[in-house]
Amino acid sequence: MESRSVPPGPYRATKLWNEVTTSFRAGMPLRKHRQHFKKYGNCFTAGEAVDWLYDLLRNNSNFGPEVTRQQTIQLLRKFLKNHVIEDIKGRWGSENFDDNSQLFRFPANSPLKTFPRKHPELRKHSMENFSKNKDSVFKLRNLSRRTPKKLGLHLSQENTEKMNCEIINEDQENSVGNKEISQEDVEEVWRYIILIYLQTILGVSSLEEVINPKQVIPQYIMYNMTSTSKHGIVILQDKSDDLPHWVLSAMKCLANWPRSNDMNNPTYAGFERDVFRTIADYFLDLPEPLLTFEYYELFVNILGLLQPHLERVAIDALQLCCLLLPPPNRRKLQLLMRMISQMSQNVDMPQLHDAMGTRSLIKNPGDGLIVSLPTYSYCKQISAQEFDEQKVSTSQAAIGELLENIIKNKSLPLKEKRKKLKQFQKEYPLIYQKRFPTTESEAALFGEKPTIKQPMLTLRKPKFRSLRY
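No experiment lies behind these values; they were computed from the predicted model shown.

**Here we look at the overall build of the protein chain**
- A tally of regular secondary structure across the protein chain gives 17 helices and 4 strands.
- Relative to its full complement of 469 residues, the protein chain shows a buried share of 37%.
- Here the analysis covers contacts within the protein chain between residues at least 6 apart in sequence; of these, 61% occur between residues at least 24 apart.

**Examining the pairing of strand S1 (residues 31-35)**
- Pairing analysis gives 4 bridges linking S1 to strand S2 (residues 38-45), with the strands arranged antiparallel. Along S2, the bridge assignment pairs Gln35 with Lys38.
- The antiparallel pairing of S1 with S2 creates a hairpin that spans 2 residues between the two strands, and His36 there sits at a positive phi of about 55°.

**Quick notes on the pattern of salt bridges**
- In the structure shown here, the tally under the stated rule is 13 salt bridges.
- In this structure, the salt-bridge partner of Glu95 is Lys78, at a minimum N-O distance of 3.1 Å. Residue Glu95 is located in the loop between strand S3 (86-87) and strand S4 (103-105), and its partner Lys78 is located in helix H3 (residues 69-81); the two are separated by 17 residues in the primary sequence.
- The exposure class assigned to Glu95 is partly exposed, which follows from its relative accessible area of 30%.

**Points about helix H2 (residues 46-58)**
- For H2, which comprises 13 residues, the first-to-last C-alpha distance of 18 Å matches the rise-based estimate of 18 Å (1.5 Å per residue) to within 8%.
- Listed as buried for H2 are Ala46, Gly47, Ala49, Val50, Leu53, Leu56 and Leu57.
- Buried positions along H2 lie against helix H1 (12-27), S2, H3 and S4.

**A word on the nonpolar core**
- Of all hydrophobic cores here, the largest spans 53 residues; its most connected members are Ile211, Met251 and Phe283.
- Residue assignment for this core shows that the elements contributing at least two residues are helix H6 (183-202), helix H8 (245-255), helix H9 (271-284), helix H10 (296-303), helix H11 (311-322) and helix H12 (327-345).
- The element best represented in this core is H11, accounting for 7 residues.
- Discounting chain neighbours no more than four positions away, the residues touching Met251 are Leu243, Ile279, Phe283, Leu335, Leu336 and Met339.
- Ranked by size, the runner-up nonpolar core spans 21 residues in total, among them Phe24, Ala49, Leu57 and Phe104.

**Comments concerning the sheet that holds S1**
- Overall, antiparallel pairing links the 4 strands, which are arranged S1-S2-S4-S3 in an open sheet. Among the strands making up the open sheet, the edge pair consists of S1 and S3.

**Examining unusual backbone geometry**
- Residue His36 is not a glycine yet carries a positive backbone phi of 55°.
- With respect to the element layout, His36 can be found in the loop between S1 and S2.
- According to the relative accessible area criterion, His36 is exposed, its value standing at 71%.
- Of note in the backbone geometry, Phe37 takes a positive phi value of approximately 60° without being a glycine.
- Within the secondary structure layout, Phe37 lies in the loop between S1 and S2.
- Residue classification places Phe37 among the exposed residues on the basis of a relative accessible area of 83%.

**Side note on the packing of aromatic side chains**
- Across all of its chains, the model carries 12 aromatic pairs by this definition.
- Taking 5.9 Å as the distance between ring centres and 85° as the angle between the ring planes, the aromatic pair formed by Trp246 and Tyr282 counts as edge-to-face. Of this pair, Trp246 sits in helix H8 while Tyr282 sits in helix H9, and the two are 36 residues apart along the sequence.
- Under the relative-accessibility criterion, Trp246 is labelled partly exposed at 47%.
- Of the aromatic side chains, those joined through ring pairs into one cluster are Trp17, Phe24, Phe44, Trp52, Phe79 and Phe106.
- Cation over ring: Arg435 sits above Phe436, and NZ or CZ is 4.9 Å from the ring centre.

So, how was this worked out
Residues numbered from 1 in each chain as written. Predicted model: local features only at pLDDT ≥ 70, side-chain atom pairs only at ≥ 80, totals over all residues. Heavy atoms only, no water. Helix = DSSP H or I, 4+ residues; strand = E, 2+ residues; numbered from the N terminus. Buried < 20%, exposed > 50% of the residue type's maximum accessible area, 1.4 Å probe, protein only. Contact = heavy atoms within 4.5 Å. Pairing = 2+ DSSP bridges. Salt bridge = Lys/Arg side-chain N within 4 Å of Asp/Glu carboxyl O. Expected span 1.5 Å × (residues − 1). Core = buried A, V, L, I, M, F, W, Y, C linked by side-chain atoms within 4.5 Å. Phe/Tyr/Trp six-rings, centres within 6.5 Å; stacked < 30°, edge-to-face > 60°. Lys NZ or Arg CZ within 6 Å of the ring centre and 35° of its normal.

Right, here's the structure in full:
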């Protein structure tokens, strides 16, 4: 990376610090490392950091080849103390950095230092303008449903970069030095961009009836987008908010069925159904849905767009709204949806319900995992002919289910079962014949071979004799 010579003058040390930290974050190679039988992504070892930064400083015109390796280590210790870097567990603030194989990573926040402000009134004027622009998110009239989604995202990113550039360089343009950007300013930018992007996706002129801006919590969004695994799953710092270990084990068991890594699982019939019900009971007993009561109307409004021609719009909006969830809720929802996806595609998964397939079961709000918002159904008027047809089909289905219950009732004595089946055959001969079309099928129920009854009388053909002698 090219180095610019920083001339002597006010704030030269701060400018050098910002230049080195920016170059270090932009150029330091990140890769996967293994430590204590566990893999970590997007990180580097202390030795790799020393090698790379040492080479950078020696080739930088502001430092030169006189820089020693020990001085590089001292600088990296300052980086760790000032949260330019952190160890793989997120710890920083000390100078516990040595030239070894310890793993480090970059934090999500910017390490740049700010310059002193000469004119505080300029900052106040700038933030007032920003607040006015922020409020206009609910009254953008140039957006329509024809706005391409990709273009909308691209424009939003351009607006973000432009906004950040204006905020950072405003004081420079006025020859009064850079102004400080607080954490509150960063959070307001996140809130503003999320609302802009959501409005672009939905193609509406106002979000007043969709979401309240106070419902957008920037800290949740920033955490959900930065603290993730290589698969995009949220990683929680506070493990007490995570799923219990037994729930994770049960979900892993079903997701990998029957190739579960845990070889201690029982193998009795119906084991997978018990595991599924255990998982379902856990999520049903949560104090609130994973999508939370607060965002009920938001997700209902988005789900209302699930029409054939608006399906892509609804999916994009749902993905964006899921970033608003508290990190523990988003992680639980991600893990649950991954398990459901793997179960739905698993051809070896046994049937988890007698009368319902696995895909239908996990989507059914009554018998499956209730993770979505409450659903409502409405009556539809039908004709008299349709009513008669449904009455017959429903009645026949119920009677057929009664017959199956008699057949599958193992506690019913064999003699009593024969008696009930004979009575059923007499009352509903057509349904009985449909279930047992042949004598062999009926005999197979009792494990008997059909017998052919001999006729009671045997008539022989008489012999006629001639009368002639």
